[in-house]
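Read off the chains here:
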Amino acid sequence: MSLFSVTALVPAPRAADPPGNDTDGWVPWLRARLDPGWRTTEWRPDCWLFTGSVEDPRTSVSLCRTNVCDTVVSPAGIFCPFCKELPNRVVKPLP
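Residues numbered from 1 in each chain as written. Predicted model: local features only at pLDDT ≥ 70, side-chain atom pairs only at ≥ 80, totals over all residues. Heavy atoms only, no water.

Engineer: Explain the packing of aromatic side chains to me, and be specific about the residues and the numbers.
Structural biologist: Any two aromatic rings considered together are summarised by their centre-to-centre distance and by the angle between their planes. Within this structure, the stated rule accounts for three aromatic pairs. An aromatic cluster is defined as three or more aromatic residues linked by ring pairs; in this entry it consists of Trp-38, Trp-43, Trp-48 and Phe-50. (Phe/Tyr/Trp six-rings, centres within 6.5 Å; stacked < 30°, edge-to-face > 60°.)

Here it is in structure tokens:
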């Protein structure tokens with residue numbers, strides 16, 4: 001699993017609201033309008049994080065085009081940065 005794949009699975013720790021945010025108005029308004037059942041495998045309401053699922057056709061992400069790479073990329077159908085840098089590398093089969 002690549003570094004990008006791992007970091008996509010682990011969201012950053014929740015930060016305190018930045019100073020000057022209108023959290024008294026904005027956050028309650030937004031929470032009241034979020035559907036808790038919306039795309040439950042992709043939406044993390046506890047940390048306000050949406051990560052697309054490669055299995056969901058509604059999402060514009062996919063796995064890298066290199067067969068042995070499991071990095072999630074967006075837009076779908078492209079090479080990840082690592083495979084794009086080394087397009088001529090030879091991938092040896094695992095023993």
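Engineer: An account of the pattern of salt bridges is requested, with residue identities and associated values reported.
Structural biologist: Using the criterion set out here, one finds three salt bridges in the structure. Arg-39 is the partner of Glu-42 in a salt bridge, and the nearest nitrogen-oxygen pair spans 2.7 Å. The two residues Glu-42 and Arg-39 agree in class, both being buried. One salt bridge connects Asp-56 with Arg-58, and the closest N-O pair in it is separated by 2.8 Å. Judged by relative accessible area, Asp-56 falls into the buried class, the value being 13%. (Salt bridge = Lys/Arg side-chain N within 4 Å of Asp/Glu carboxyl O. Buried < 20%, exposed > 50% of the residue type's maximum accessible area, 1.4 Å probe, protein only.)

Engineer: For the side chain of Ser-53, give the residues involved together with the corresponding values.
Structural biologist: Positionally, Ser-53 belongs in the loop between β2 (49-50) and β3 (62-63). Reaching out from Ser-53, the side chain makes a polar contact with the side chain of Glu-55 at a distance of 3.1 Å. (Helix = DSSP H or I, 4+ residues; strand = E, 2+ residues; numbered from the N terminus. Polar contact = N/O pair within 3.5 Å; in protein donor to acceptor, adjacent residues only side chain to side chain.)

Engineer: Give a detailed account of the nonpolar core, specifying residues and quantitative values.
Structural biologist: With five residues, the main nonpolar core is built from Cys-64, Cys-69, Val-73, Cys-80 and Cys-83. Beyond its immediate chain neighbours, meaning those up to four positions away, Cys-80 contacts Cys-64, Cys-69, Thr-71 and Val-73. (Core = buried A, V, L, I, M, F, W, Y, C linked by side-chain atoms within 4.5 Å. Contact = heavy atoms within 4.5 Å.)

Engineer: Tell me what's going on with the confidence of the model for the protein chain, and back it up with residues and numbers.
Structural biologist: This prediction gives the protein chain a mean pLDDT of 74; 66% of its residues lie at or above 70. At the low end of the mean pLDDT range in the protein chain sits helix α1 (residues 3-9), at 51; at the high end sits strand β4 (residues 72-73), at 88. Contacts of residues 90-95 to residues separated by more than four positions or lying in other chains number one contact, the stretch itself having pLDDT below 50. (pLDDT = per-residue confidence, 0-100.)

Engineer: An account of the side chain of Arg-39 is requested, with residue identities and associated values reported.
Structural biologist: As for its placement among the helices and strands, Arg-39 is situated in the loop between α2 (26-33) and β1 (43-44). Only 2.7 Å separates the side chain of Arg-39 from the side chain of Glu-42, close enough to count as a polar contact. With residues up to four places along the chain from it excluded, the contact list for Arg-39 reads Phe-50, Asp-56, Arg-58 and Thr-59.

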